[in-house]
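Next come the chains, spelled out residue by residue.
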Amino acid sequence: MNKIDEALLDVKNEILSLPEMKEFLSLKALIEQDKEIQRLDKEIHEHQKAMCKAKDDDEIYFKEKKLYEDGLKLLNENPLYQNYLIARENARELLLEVKEQLQWFTL
């Protein structure tokens with residue numbers, strides 16, 4: 001491993017030790033283990049696919065759209081999921097800031 005690889009590993013470890021990243025990764029793990037959230041997520045995606053397939057059949061399309069919206073509403077009302085979305089956005093902003101700093105080095 002050369003000095004650049006070592007420095008990158010140090011930066012990665014430093015980023016992962018930041019509170020924003022720790023919170024995001026912790027909530028992500030909880031989300032991945034939450035059976036209700038996983039069920040709703042799967043259901044929502046199934047209704048999205050069904051809406052695409054039924055684009056020429058208004059009756060089926062709007063039925064699937066209603067089921068999709070109901071599932072999405074339940075998912076978005078889940079406090080764990082809400083916290084996860086906030087933490088994900090905070091982590092994304094942090095990583096964008098790091099990216100901007102690294103772009104400074106672009107020749």
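In what follows, the structure referred to is the one given above.
Every residue gets a number counted from 1 within its own chain, in the order that chain's sequence is written. Given that this is a predicted model, residues contribute local features only at a pLDDT of at least 70 and side-chain atom pairs are listed and counted only at 80 or more, while totals for whole chains, interfaces and linings are drawn from all residues. Calculated side-chain values reflect all of the structure's heavy atoms, with hydrogen atoms and water omitted.

1. Looking at helix H5 (residues 79–103)
Heads up, the condition is: Only DSSP runs of H or I with at least four residues qualify as helices, and only runs of E with at least two residues qualify as strands; both kinds are numbered from the N terminus onward. A helix's residues, less one, multiplied by 1.5 Å, set its expected span. The buried label applies to any residue whose accessible area, calculated with a 1.4 Å probe on protein chains only, is under 20% of its type's maximum; exposed applies above 50%, and partly exposed to all values in between. In protein, a polar contact requires one atom able to donate a hydrogen and another able to accept it; more generally it is a pair of N or O atoms within 3.5 Å, and residues adjacent in sequence count only if both atoms are side-chain atoms.
Over its 25 residues, H5 runs 36 Å from end to end, which matches the ideal 36 Å to within 8%, given 1.5 Å per residue. Every buried residue of H5 is accounted for by Tyr81, Tyr84, Ala87, Ala91 and Leu94. N-cap assignment for H5: the residue whose side-chain oxygen lies 2.8 Å from the backbone N of Leu80 is Asn78.

2. A word on the packing of aromatic side chains
Applied cut-off: Only the six-membered ring of Trp is used, alongside the rings of Phe and Tyr, when aromatic pairs are assigned; centres must lie within 6.5 Å, and planes under 30 degrees apart are stacked while those over 60 apart are edge-to-face, with the rest tilted.
Inspection of the entire model under this criterion finds 3 aromatic pairs. Ring geometry for Tyr61 versus Phe62: centroids 5.1 Å apart, planes at 85 degrees, classification edge-to-face. Using a relative accessible area of 48% as the deciding quantity, one classes Phe62 as partly exposed. Every member of this aromatic cluster is reached through a ring pair, and the members are Phe24, Tyr81 and Tyr84.

3. As for helix H2 (residues 19–33)
The periodicity of an α-helix, 3.6 residues per turn, causes residues three or four places apart in sequence to face the same way. Quick reminder of the rule: The directions from the helix axis to the C-beta atoms form the arc being described. Should any heavy atoms of two residues lie within 4.5 Å, those residues are considered in contact.
In a regular helix each residue adds 1.5 Å, so 15 residues correspond to 21 Å; H2 covers 21 Å between its end C-alpha atoms and thus fits that length. Taken together, the buried positions of H2 are Met21, Phe24, Leu27 and Ile31. All buried residues of H2 fall inside an arc of 135 degrees around its axis, so they share one side. Residues of H2 that are exposed and angled more than 90 degrees away from the buried face: Pro19, Lys22 and Gln33. Turning to H2, the residues buried within the fold contact helix H1 (3–16), helix H3 (35–53) and H5.

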